[in-house]
Structure formats: C-alpha cells, structure tokens
Amino acid sequence: MATVGNQLPTQAVSKPTSGKHGNVLPLWGNEKTMNLNPMILTNVLSSPYFKVQLYELKTYHEVVDEIYFKVTHIEPWEKGSRKTAGQTGMCGGVRGVGTGGIVSTAFCLLYKLFTLKLTRKQLMGLITHTDSPYIRALGFMYIRYTQPPTDLFEWYDGFLDDEEELDVKAGGGCVMTIGEMLRSFLTKLEWFSTLFPRIPVPVQKVIDQQIKARPRKVPQKETQEDEDGFAESGRQGERRRSRTPRRTPSPRRSPKRSRSRSHHRERERHGPSFDRELERERDRQRKEREGRDRDRERGDRGDRERRRSRSADRNRERKRSHSGSRDRRSERKEKERDGGDDRSRRKDRDHHKDRGTERERSRDKKSRGETDDRRHKDDRERHRDERKAKRSSRSRSRERRHKSGAEEKSRKRERSHSRERDRERDGEQRSHKRSRSKERSHHQRESSNDHSRHRRSPSIE
C-alpha cells in the first residue's frame, strides 16, 4: 500500500510486462486522480478552460503547442485568486482544504497529459524539448506525480545540473534553473500551495545520499562573475599599493601564503562551490521566511488599510460635500491676494476643462435622452397607429361579415317566403282542381239522374 498526498492509501499499480525500458509507462498510485490534491483536481475538472477548450485537443502535439502558448508559471493557482492569510492548521495554504481559487493553466494541461496516457517516447520528448522550458517542467512534474519513487532519480539524473532558467511563480519573481527545480522535487514535498506524492522513507534516504554524493556544478556565469570580482579587487589593491610606499616582505611570513588557514583548509576539503551553495541556501531560506512574513503582514495591513481608507474616504466625501463651496471661495481669494501662481492657473484651467467636459457630457446625455424620448414617443405613436389600424381593420371585417350575414339572412328569408308562396299557390291550385272535379262529378251525377228519370217516365205513362 502507498499513501499519496492527502488521499486515502491506494494500492500501487504493478509495472507492465514490457519491461523497464519499454514504451509503455507504469502508473504509480491512483489511476484516476493522478495523485493530485483533491481541491486542485475538483477545480481542474470544473474549470471551463479544461471542459471547453482542452476538450477539443485530442493529440499530443496539440497539447504541447497549447503549453508553449499559454503556460507562464508552474504554480497550481493563479496570482491573487486564493486568499490564505490568517489560516492555520488543516485550512492552511499547504493543504488546500478550506479555500479554493482559479486553478492554473499549467495544472489543467498536466491533467490533460495524464488523460492522454503518455508513452515513454512522448515523455522523453517533453523533458528534452527545446522550444520552451515550461514544456520540460511539465514533463518533469508529470514524472513526479505518476512514476514510482524508485525510478525518480533515474529519470532526473541526467538533468540535475541543467542550467536552463524559468520563472516558476505566478506573477514572476522566482527564477530558478531546471536542475534546482528537480532537486527540490526530490528533496521536498511542498510545491508552493500543494503537496507532491509522498516518497517512502528508505527510498528518500537513498535519494538524499545520491544527491549528496553528487554536488552541484557551479554555472559558468557565476565563475566568470567571481573571476571578474577577484580581478577588480586585485586591480584596486594594486592601485592602493602604488600610492603607498612599498614595503619589503618580512622573513617570518611569505607574501603568497593566506592569512586564514582554517578557511583555506575548508575550501580544500569541500571545494570552492561548497561555501557558495551554503550561502545560496541560507539566502533562499531567508527570502522564503521574509516572503511569508511579508505576505502575512501585507494581508493584515491590507485589511486595516482598507477599513481605514473606507472610513477616511467617507469622511472626506462628507467634508468635501459640505465645505466644497467654501474651500473654492477661500482658494480664489487667496489666489487673488497672492497674485495667482502658475499652479493655481493650471488648476483653474484644468477645473474649467473638467467643467467643460462635464457640461459637454451632460449636454450629450441630455441630447441622448431627448433623442431617446423622441424615439420612444415615435415608437409609442407608431404602436398606437398600428393598434388603431388593426382595430379599424377588425371593425371593417366585422362589418363586412355582419353585412354578408344580414344579406345571407335576407336571401334565406326571401327564399323561404317564395317557397311558402309557391306552396300556397300549389295548395290553392290543388283545392281549385278538387272543387272543379267535385262539381263535374256532381253535374255528371245530376245528368245521369235526369236521364234515368226521363227513361222511367214513358214506361210509367
């Protein structure tokens, strides 16, 4: 089991069967979180830069180009986005528990590289890239987060004396070489406001021994500066000696011999670069302490100054509002008495210019307001006209519909009346025909009766 940063202990992933020098890289620790701090990981996954812009990048070369154009530091948080002043314990600046911030583009791109599942060849291309030191730095940080602790020194061994410089702090102000950065990766858990995965104690002891057995090489720039300093000091000493009379060297002490034997012996034991390294480390520790103290003092002072400045600004505004006219009158009187200096004239000119600009602005605002009012009025009138036109069109359509309906009703009524008349006529004709038929039948009956009577009468006679 291996404990990774602030996370729960997870089982280390076994190496692949392709071998130590194969193209497939082993992953150590958690395969999903890349052993990142939970606060940083949640901010990375929720950042719009990672979700929108980096989601479109699908290849290794596109991500490398994005690193070249966007990364300017290797801090996990952007400058001024995370306030940790006055926090202690688990809510301190190292743990990242209590407060979040804007996560940096460097860590978003680092997790994007982890999602691509880099091969050994691609990782070697990152750490040996020649275009930007930040591409190399992200490659080394990928190694520190994902590779087994026993392989870290082998990865960093050839680059511990690299002299390429980069600024690792957000906002600038912390320039270091690649070699110094790798030594801090191997010897320290803290990196600004986050923690690297923990290295087991036996492995850490072996790494410390290997780093001590391999002292740092002094860069050529520093040796040249030291030689220039020694040469200048020698020249100044020669000039001083030329001014003073020469003395013969005493027989007891040789001129070539140094006065401080102990210092000379320490130099012979540890080498010329040992003292410089000690001084550098002490200076760094002092700077770090001073920086922390300054940050704390700035945070406290900033809060106090803000409160004071707010109260002072309020009082000043009140005093200015009450005594503005009085001060102006008194200043004018004093300037008239003194004859008027150039400064006062300039101030008056500036004040008049400001007034003129304010008047012009007010005029522009008024004109804009008038134009806006006119536009609103025109719009309202247009809306009213449109509404009236709509209403008139609706009333016309209604009248047309009403007229058409009335005409249709009248037509229907006329049709019904004509039908009724036709029916009455038909009924009258039918009744008339019936009456005629009845009369005819009656006449026929009467005629038949008369004829029968005439026949019967002679018989009777």
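Residues numbered from 1 in each chain as written. Predicted model: local features only at pLDDT ≥ 70, side-chain atom pairs only at ≥ 80, totals over all residues. Heavy atoms only, no water.

1. Details of the overall build of the chain
Logical step 1: Summing up its helical and strand segments, the chain has 13 helices and four strands in all.
Logical step 2: Of all 461 residues assigned to the chain, the portion counted as buried reaches 26%.
Logical step 3: Of the contacts formed within the chain by residues at least 6 apart in sequence, a portion of 68% connects residues at least 24 apart.
Logical step 4: By element, 45% of the accessible surface of the chain is carried by carbon and sulfur atoms, the whole surface being about 36100 Å². (Helix = DSSP H or I, 4+ residues; strand = E, 2+ residues; numbered from the N terminus. Buried < 20%, exposed > 50% of the residue type's maximum accessible area, 1.4 Å probe, protein only. Contact = heavy atoms within 4.5 Å. Areas by Shrake-Rupley, 256 points an atom, 1.4 Å probe, with all protein chains shown as cover.)

2. A few points about the environment of Val206
Logical step 1: Within the secondary structure, Val206 sits in helix α9 (residues 201–213).
Logical step 2: The class for Val206 is partly exposed, based on a relative accessible area of 42%.
Logical step 3: As for Val206 and Thr150, which are separated by 56 residues in sequence, their C-alpha atoms are 9.2 Å apart.

3. Remarks on the packing of helix α3 (residues 60–70) against helix α6 (residues 133–146)
Logical step 1: α6 packs onto α3 with a crossing angle of 120° between their chain directions and a minimal axis gap of 8 Å. Relative to α6, α3 is oriented oblique. You can see that α3 and α6 cross each other, and the crossing is right-handed. Of α6, the residues touching α3 (which contributes Val64, Ile67 and Tyr68) are Tyr134, Ile135 and Leu138.
Logical step 2: When the residues that make up the contact of α3 with α6 are grouped by side-chain class, the tally is six nonpolar, no polar and no charged. (Axes fitted to C-alpha atoms, helices over the stretch in contact; angles between N-to-C directions. Parallel < 35°, antiparallel > 145°, perpendicular 65-115°, else oblique. Left-handed = near helix turned anticlockwise from the far one by under 90°. Nonpolar A, V, L, I, M, F, W, Y, C, P; charged D, E, K, R; others polar.)

4. Comments concerning the confidence of the model for the chain
Should the pLDDT be low somewhere, the predicted coordinates at that spot are not to be read in detail.
Logical step 1: Confidence in the prediction of the chain, expressed as mean pLDDT, is 76, and 73% of residues score 70 or more.
Logical step 2: Confidence drops under a pLDDT of 50 for residues 92–98, and excluding neighbours within four residues, the segment shows 23 contacts in the predicted structure.
Logical step 3: With pLDDT under 50 throughout, residues 239–272 is counted as low confidence; its partners more than four residues away or in other chains account for seven contacts. (pLDDT = per-residue confidence, 0-100.)

5. Side note on the packing of aromatic side chains
Logical step 1: Tallied over the entire structure, the rule returns twelve aromatic pairs.
Logical step 2: Taking 5.4 Å as the distance between ring centres and 65° as the angle between the ring planes, the aromatic pair formed by Tyr145 and Phe196 counts as edge-to-face. In this pair, Tyr145 sits in helix α6 while Phe196 sits in the loop between β4 (194–195) and α9, placing the two residues 51 residues apart along the sequence. We note that Tyr145, like Phe196, is buried.
Logical step 3: Considering the side-chain rings of Phe185 and Trp191, the 5.2 Å spacing of their centres and the 80° angle between planes classify their relative orientation as edge-to-face.
Logical step 4: Classification of Trp191 as buried rests on a relative accessible area of 5%.
Logical step 5: Its end group placed over the ring of Phe114, Lys117 keeps NZ or CZ at 4.3 Å from the ring centre. (Phe/Tyr/Trp six-rings, centres within 6.5 Å; stacked < 30°, edge-to-face > 60°. Lys NZ or Arg CZ within 6 Å of the ring centre and 35° of its normal.)

6. Remarks on the nonpolar core
Logical step 1: By size, the foremost hydrophobic cluster in this structure holds 61 residues, and its most contacted members are Ile74, Phe140, Met141, Tyr156, Met181, Leu182 and Phe185.
Logical step 2: With nine residues, α6 is the single largest residue contributor to this core.
Logical step 3: Sequence-distant contacts of Phe185, defined by excluding residues within four places in its chain, comprise Phe140, Met141, Arg144, Tyr156, Trp191 and Phe196. (Core = buried A, V, L, I, M, F, W, Y, C linked by side-chain atoms within 4.5 Å.)

7. Notes on the pattern of salt bridges
Logical step 1: According to the stated counting rule, one finds eight salt bridges in the structure shown.
Logical step 2: A salt bridge links Asp157 to Arg214; the nearest nitrogen and oxygen atoms lie 2.1 Å apart. Taken together, the residues Asp157 in the loop between α7 (152–156) and β1 (165–167) and Arg214 in the loop between α9 and α10 (220–243) connect sequence positions 57 residues apart.
Logical step 3: Taking relative accessible area as the criterion, Asp157 reaches 30% and is therefore assigned partly exposed.
Logical step 4: The class of Arg214 is partly exposed, set by a relative accessible area of 26%.
Logical step 5: Among the ionic pairs, Asp379 bridges to Arg382, the shortest N-O distance being 4.0 Å. (Salt bridge = Lys/Arg side-chain N within 4 Å of Asp/Glu carboxyl O.)

8. Re α3
Logical step 1: Within α3, burial applies to Tyr60, Val63, Val64, Glu66 and Ile67. In an axial view of α3, the angular spread of the buried residues amounts to 160°, which keeps them on one side of the axis. Across α3 from its buried face, at more than 90 degrees, point the exposed residues His61 and Phe69.
Logical step 2: Elements in contact with the buried residues of α3: α2 (48–53), α4 (105–116), α5 (120–127) and α6.
Logical step 3: Taking the backbone nitrogen of Glu62 as reference, a side-chain oxygen 3.4 Å away marks Thr59 as the first, capping residue of α3. (Arc of directions from axis to C-beta. Polar contact = N/O pair within 3.5 Å; in protein donor to acceptor, adjacent residues only side chain to side chain.)

9. Side note on the packing of α3 against α4
Logical step 1: Where α3 contacts α4, the two axes come as close as 11 Å, and the packing angle between them is 170°. Judged by the inter-axis angle, α3 sits roughly antiparallel to α4. Within the contact between the two elements, α3 uses Tyr60, Val63, Glu66, Ile67 and Lys70 and α4 uses Thr105, Leu109, Lys112, Leu113 and Leu116.
Logical step 2: Of the residues contributing to the contact of α3 with α4, the split by class is six nonpolar, one polar and three charged.

10. Structural notes on the side chain of Asn43
Logical step 1: With respect to the element layout, Asn43 can be found in helix α1 (residues 38–46).
Logical step 2: Using a relative accessible area of 17% as the deciding quantity, one classes Asn43 as buried.
Logical step 3: There is a polar contact of 2.8 Å between the side chain of Asn43 and the backbone oxygen of Met39.

11. Points about unusual backbone geometry
Logical step 1: Not every positive phi belongs to a glycine, and Met34 is a case in point at roughly 60°.
Logical step 2: Relative to the helices and strands, Met34 is located in the segment before α1.
Logical step 3: Positive phi values are uncommon outside glycine, yet Phe192 reaches one of about 55°.
Logical step 4: With respect to the helices, strands and loops of the structure, Phe192 is situated in the loop between β3 (190–191) and β4.

12. A short note on the side chain of His73
Logical step 1: Mapped onto the elements of the fold, His73 is located in the loop between α3 and α4.
Logical step 2: Relative accessible area serves as the criterion here: at 5%, His73 is assigned to the buried category.
Logical step 3: Here the side chain of His73 touches Glu75 through a polar contact of 3.1 Å, landing on its backbone nitrogen.
Logical step 4: Within the structure, His73 has its side chain in polar contact with the side chain of Glu78 (distance 3.3 Å).
Logical step 5: Once you skip the residues sitting within four places of it in the chain, His73 turns out to touch Glu78, Ser104, Ala106, Tyr134, Asp167, Val168, Lys169 and Ala170.

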